[in-house]
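Per-entry structural report
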Amino acid sequence: MRLIILLPLMLMTYSIPAKADMVETTWFVDSFVGNPTFADPEKILGQKQMFYKGSAKGVFYSCNYSGQTMTYNTYSLDEFLKNKEFDLFAKYKDQLFRIKNKPLAPSEVFVHRITCNGKDDPKKRRVLYPFVTLGDSEKWKRAFYLFEEAIYILKY
C-alpha cells in the first residue's frame, strides 16, 4: 500500500526541473566586459563551451568523463553583487543584467564550481569557477564566466 502511495510522489519529483538552473548545454561565447589582461578575446569570442553529463569540452574547460563534478551556491542578486568575491560583476552590472536594453533583475543567481579529477592525474585536473547562471533561464538564456579581469558572456 505504501508503495502505491509513494510511487506517484516519486515520479512527480523527477518531472520537477533542477533548481540550479541549466548548465548542461552548448554555450557560445557572445561578448565580454572588462579587461582580458593576457587573453586575446578574438580567439575566445564565437567559441563553444559544452557540458553534457560527465563530459565537457570548450574554450575554457574540458573534461572527458574523467571524474567531473558540479556544485553551486545560490544568491539573490543583491547578495551576489555585495559579495566581494564577485565585485567585478557589481562593477559591470548595468551591462550584464539587461535584456533588450532594459535593466532586469534575475530571480536568483547560481554560482557553479565545475571540477574535473582528470582520472586522478594531477596534470589533468581542472576547475571552472565561477560559472554563473541566472534564474528564469528561459528568459535570460545566458551565463557568465569570470576569467582574468574580464567577464565573458555566453548564450545558448
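Look up: the structure comes first, before these words.
Structure report, in brief.

The rules behind these values
Once a new chain begins, its residue numbering starts again from 1 and follows that chain's sequence as written. Per-residue local features are limited, in this predicted model, to residues with pLDDT of at least 70; the limit for side-chain atom pairs, both in listing and counting, is 80 or more; totals at the level of whole chains, interfaces and linings are taken over all residues. Excluded from the side-chain calculation are hydrogens and water; included are all heavy atoms of the structure. When DSSP finds two or more bridges between a pair of strands, those strands are recorded as paired. Counting from the N terminus, the helices are DSSP H or I runs at least four residues long and the strands are E runs at least two residues long. Salt bridges are identified by distance alone: a Lys or Arg side-chain nitrogen within 4 Å of an Asp or Glu carboxyl oxygen. Burial classes: relative accessible area under 20% of the type maximum marks a residue as buried, over 50% as exposed, and values in between as partly exposed (1.4 Å probe, protein chains only). Only buried residues count toward a nonpolar core. Its members are Ala, Val, Leu, Ile, Met, Phe, Trp, Tyr and Cys residues joined through side-chain atoms within 4.5 Å. The criterion used for residue contact is that any of the two residues' heavy atoms lie within 4.5 Å.

1. Some details on the sheet that holds strand β8 (residues 109-116)
Strand order in this open sheet of nine strands is β4-β3-β2-β1-β11-β10-β9-β8-β5, and the pairing throughout is antiparallel. The sheet is open, and its two edges are formed by β4 (63-64) and β5 (68-75), each paired on a single side. Across three bridges, strand β9 (residues 126-134) lies against strand β10 (residues 142-147) in antiparallel orientation. Residue pairing for β10: Val 132 is matched across the bridge by Phe 144.

2. Observations concerning the pattern of salt bridges
One pass over the full model with this rule turns up four salt bridges. Residue Asp 120 pairs with Arg 125 through a salt bridge whose shortest N-O separation is 2.8 Å. You can call Asp 120 exposed: its relative accessible area is 53%. Its relative accessible area of 39% is what places Arg 125 among the partly exposed residues. Between Asp 136 and Lys 139 there is a salt bridge; the shortest N-O distance is 3.9 Å.

3. Let's talk about the nonpolar core
Phe 80, Phe 89, Leu 96, Phe 97, Val 109, Phe 144 and Ile 151 are the most contacted members of the largest nonpolar core, which has 21 residues in total. Mapped by element, the contributors of at least two residues to this core are α3 (77-82), α4 (87-91), β8, β9, β10 and β11 (149-155). Setting aside chain neighbours within four positions, we find Leu 96 in contact with Val 33, Phe 89, Trp 140, Arg 142, Phe 144, Ile 151 and Ile 153. Counting residues in hydrophobic clusters, the runner-up holds 19 residues, among them Val 29, Ala 56, Leu 128 and Tyr 145.

By themselves, these observations are geometric and do not establish any function.
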